[in-house]
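Remarks on the overall topology
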Amino acid sequence: MASKSSTNNKAASKSLASNSRSSSAKATKVNSKHVIKKSEPKVKNLSKRVKGGHLVKNIAQDFVDVSDMLEEEDDEEQEEEKVEDAQEDIRDEDQEDEEDVKMKDSESPAEETESSIFADLNISPSTKSALAQMELSIMTEIQAKILPSLLSGRDVFAVADAGAGKTIAYLLSVVEKLSTLNFQNGDGTGTIILAPTRESAHQIQSILSELAANHAQSFAVILEGSNLRSEAEKLQKGVNIVIATPDRLLQHLKTTEGFVYNNLNTLIIDQIDLIIDNRFEPIIQEILDILPAKRQGIVIATSNNKEIKSLAQVVLRAKYARVDISSRDNSAIEGVEQGYVVCESDKRFLVLNSFLKKSVGRKVVVFLSSCNMVTFYGELLSYLEHPVPVFELNGNQTQQERTIAFAEFCATNVGVLFTTDVVMRGIELPSVDFVLQFDPPTNAKDYIQRVIKVSKNENQDCKSVMFLLPSEVRFLEYFKQYNISLDQYDFASNRVSNVQSQLEKYMVTVYHLNQSSKNAYRSYLQSYANQSLKQVYNISKLDLVKVAKAFGFTVPPKINIDFSTKKVKQALKEILLKKQEESDAKKAIVEKLQNKAKSAITRRREEKLQAIVAEKLANKKANKRVGKRVGKARK
Ligand SMILES: Nc1ncnc2c1ncn2[C@@H]1O[C@H](COP(=O)(O)OP(=O)(O)OP(=O)(O)O)[C@@H](O)[C@H]1O
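Residues numbered from 1 in each chain as written. Predicted model: local features only at pLDDT ≥ 70, side-chain atom pairs only at ≥ 80, totals over all residues. Heavy atoms only, no water.

**A short note on a nonpolar patch on the surface**
Side chains of Leu 609, Val 613 and Leu 617 sit close together on the surface and give an oily, nonpolar patch of about 280 Å² of accessible area. Mapped onto the secondary structure, Leu 617 falls in helix H22 (residues 564-634). (Patch = residues over 30% accessible without salt bridge, like charges linked within 9 Å, V, L, I, M, F, W, Y side chains within 5 Å. Areas by Shrake-Rupley, 256 points an atom, 1.4 Å probe, with all protein chains shown as cover. Salt bridge = Lys/Arg side-chain N within 4 Å of Asp/Glu carboxyl O. Helix = DSSP H or I, 4+ residues; strand = E, 2+ residues; numbered from the N terminus.)

**Here we look at the packing of helix H6 (residues 141-151) against helix H7 (residues 166-180)**
Put simply, H6 and H7 touch, their axes get as near as 9 Å, and they point 25° apart. Here H6 lies roughly parallel to H7, going by the angle between them. For H6 against H7, the interelement crossing comes out right-handed. Between H6, through Ile 142, Gln 143, Ile 146, Leu 147, Leu 150 and Leu 151, and H7, the contact on the second element is made entirely by Lys 166, Ile 168, Ala 169, Tyr 170, Leu 172, Ser 173 and Glu 176. Grouping the constituent residues of the contact of H6 with H7 by class yields 9 nonpolar, 2 polar and 2 charged. (Axes fitted to C-alpha atoms, helices over the stretch in contact; angles between N-to-C directions. Parallel < 35°, antiparallel > 145°, perpendicular 65-115°, else oblique. Left-handed = near helix turned anticlockwise from the far one by under 90°. Contact = heavy atoms within 4.5 Å. Nonpolar A, V, L, I, M, F, W, Y, C, P; charged D, E, K, R; others polar.)

**Quick word on the environment of Ala 444**
Summarising the element assignment, Ala 444 is placed in helix H18 (residues 444-455). Expressed as a C-alpha distance, the spacing of Ala 444 and Leu 476, which sit 32 residues apart in the sequence, is 8.6 Å. The residues touching Ala 444, leaving out its near neighbours within four places in the chain, are Phe 475, Tyr 478, Phe 479 and Tyr 482.

**Examining a positive patch on the surface**
Together, Lys 620, Lys 624, Lys 628 and Lys 632 make up a region of like positive charge exposed at the surface. Inspection of the secondary structure assignment puts Lys 628 in helix H22. Classification of Lys 628 by relative accessible area gives exposed; the value is 60%. (Lys, Arg positive; Asp, Glu negative; His and termini not counted. Charge placed at Lys NZ, Arg CZ, Asp CG, Glu CD. Buried < 20%, exposed > 50% of the residue type's maximum accessible area, 1.4 Å probe, protein only.)

**Section: the UniProt feature "short sequence motif: Q motif" (unreviewed entry) in the protein chain**
Within this numbering scheme, the UniProt entry marks residues 116-144 as carrying the feature "short sequence motif: Q motif" (unreviewed entry). Here residues 116-144 runs as 45% helix and 0% strand, with 6 Å between its end C-alpha atoms. (UniProt positions renumbered as here; feature names shortened; annotations may be inferred.)

**Re the nonpolar core**
In terms of nonpolar packing, the biggest core is built from 81 residues, with Phe 349, Tyr 377, Phe 418 and Phe 551 touching the most fellow members. Beyond its immediate sequence surroundings of up to four residues, Phe 349 is in contact with Tyr 377, Leu 380, Leu 381, Leu 384, Phe 438, Val 499, Leu 503 and Ala 550. Counting residues in each nonpolar core, the second largest holds 43 residues, with Met 139, Leu 150, Ala 212 and Ile 268 among its members. (Core = buried A, V, L, I, M, F, W, Y, C linked by side-chain atoms within 4.5 Å.)

**Regarding helix H16 (residues 399-411)**
Spanning 13 residues, H16 covers 18 Å between terminal C-alpha atoms, matching the ideal 18 Å at 1.5 Å per step. Turning to H16, its buried residues number three or more, namely Gln 399, Arg 402, Ala 405, Phe 406 and Phe 409. One side of H16 holds all its buried residues, which, seen down the axis, span an arc of 130°. Residues of H16 that are exposed and point more than 90 degrees away from the buried face comprise Gln 400 and Ala 411. On its buried face, H16 sits against helix H8 (198-211), strand E10 (363-368), strand E11 (390-392), strand E12 (415-420) and helix H17 (421-424). (Expected span 1.5 Å × (residues − 1). Arc of directions from axis to C-beta.)

**Notes on the pattern of salt bridges**
Using the criterion set out here, one finds 11 salt bridges in the structure. Taking the shortest distance from any N to any O, the salt bridge between Arg 248 and Glu 224 comes out at 4.0 Å. A residue pair is termed long-range when its members are at least 10 positions apart, and Arg 248 in helix H10 (residues 246-255) and Glu 224 in the loop between strand E4 (219-222) and helix H9 (228-237) qualify at 24 residues. Taking the relative accessible area as the measure of exposure, Arg 248 reaches 5% and is therefore buried. On the accessibility criterion, Glu 224 (34% relative accessible area) is partly exposed. A salt bridge links Arg 322 to Asp 324; the nearest nitrogen and oxygen atoms lie 3.8 Å apart. What makes Arg 322 partly exposed here is its relative accessible area of 31%.

**Describing the site of the ligand**
As a matter of local geometry, the ligand sits amid 17 residues, with Ile 138, Gln 143, Gly 163, Lys 166 and Thr 167 nearest to it. In the model, an oxygen atom of the ligand is placed 3.0 Å from a nitrogen or oxygen of the Ala 164 main chain. Thr 167 has a polar side-chain atom sitting 2.3 Å from an oxygen atom of the ligand. Its free accessible area being 630 Å², the ligand has 73% of it covered by the protein chains. Broken down by element, the residue count for the shell around the ligand peaks at 3 residues, all from H7. Its residues assigned to classes, the shell around the ligand comprises 8 nonpolar, 7 polar and 2 charged. (Near = heavy atom within 4 Å. Polar contact = N/O pair within 3.5 Å; in protein donor to acceptor, adjacent residues only side chain to side chain.)

**Considering the pairing of strand E13 (residues 434-437)**
The side-chain alternation of E13 yields two buried faces, one formed by Phe 434 and Leu 436 and the other by Val 435 and Gln 437. Direction of pairing for E13 relative to strand E14 (residues 463-468): parallel, over a ladder of 4 bridges. Bridge assignment links Val 435 to a residue of E14, and that residue is Ser 464. (Pairing = 2+ DSSP bridges.)

If you want it as structure tokens, here you go:
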């Protein structure tokens, strides 16, 4: 491609120790608190009655009856107290909710370290020695900015570019906290780290295994697609730090008996941007409803927007520390040769194919928008008998398949790797020559994240090229605020090999490829429909005949597009409705109990009163009769 033109804690742990020591200690604490709350008013009311003693003194002859009555009234009082307690709980909850909403409006700044040297931190020698073994001595900017808050037990919302050192920062605080609390397997899970993908979960585990090397705390990854039963067995034995994908964690929370999580003191959501992208929000909401509410919350992101912030606020407690050092400037990607190529939908694949054909002797990474796109283009290239080896990384592969594919790509000198953003998160690129953004990124931030991978690449001559449709060129305007300028490249039409007829023939003759292409076509349109930058990615502006041609179809296949964002919003709405219904149901039960208790009390009081009055009247009559008889006798 030729360049054409240029556009422009220890301290913390003390307080935590009282929060959770061991599961048995905590259980005792919870139980005793419960007993005190329930029995205290009863003792108070009884002593009041004994002190006043009116009933006992005035109707001495009715002592037996009245003491029964007292007991019954105590039962009634207990019922009333239960109702009052429940009401109080609801009022407290409502008040807390209101306070939370008010408080969460105000984020407060994080405290920075005075020194940026790990050795100066007030942490255990074991952690310091692990850091030394990892050859980490000076903190990165984000580490210096969030470690004091993390170590003091404050909730933290940290936003920084990929590779900024966020994972090491939060893992360091977790390792330190659990070892200070002397967390044992019997204490169950003290920390849960939620990761959006299997890859990121494994990456976290590998860093944790180094950082926790000199500590006794246990950890494990719990992932969708792994063996559920063996995971459950591990959890039942006790895992101090659980690294999990949200869906699998929820499954264990709901079904694994003996999974002790009531001592949880830290919940971390890593890569919350991807958690949202992967539609895990409703699952996170369900998880939050199950886990203990009193815990340190840590939310990690590479970018920030309204959606990310509002989910973070659901996870974090009031007055959390927020640190955002994500790159607004382009320093992280300065020096990387970046360009774009504009081509119509029907020419996209032809240009890509021709470029890759000319890439003999090169290593290329191609970003696509979905797993189905990865699968289809991988298969198609092998049908076209491409001269370069093709590798695929996609979310539909097993972990083993992905590990092998990535290792093979790292080891080869020549080849093309088809992948998605999701799979590549947290993975460092090996030495490559080109990074092609075939499906454009969602926004400028995501673009930068892809190019950061290029900038960290061992090959300093590596270039980044983005494919744009003519209708998507407006996307470049979004780069101005980041001072990013891209060169426009042109791929001479006489150098584009026309494999269109071959492609169309495959769609008729190879059933398997036809199905794979249809899936890819549907996924492409679905991703397009889900794009948030509607000014750039407007599905109504797509020429579907041209789009279909890039997938080998002369007529666009009929497909149903599932607008997932709507689905997510709907799911969230349903959760909120369910919560409201639950709260209404709780209030209705309280009201019913209250009314029942009231009417029972009134009825019993009336009955007792009537009995007493009747008895007194009978006594009076009897006395009168006795008096008359005595009077007669005297006469
Ligand atoms: N203080 C440091 N000094 C030197 N290297 C560091 C430091 N902190 C982290 N690194 C290295 O930088 C790389 C990225 O670190 P880490 O995984 O913590 O970053 P991250 O911000 O969590 O990245 P991602 O968003 O991709 O998960 C790792 O290889 C790690 O060893």
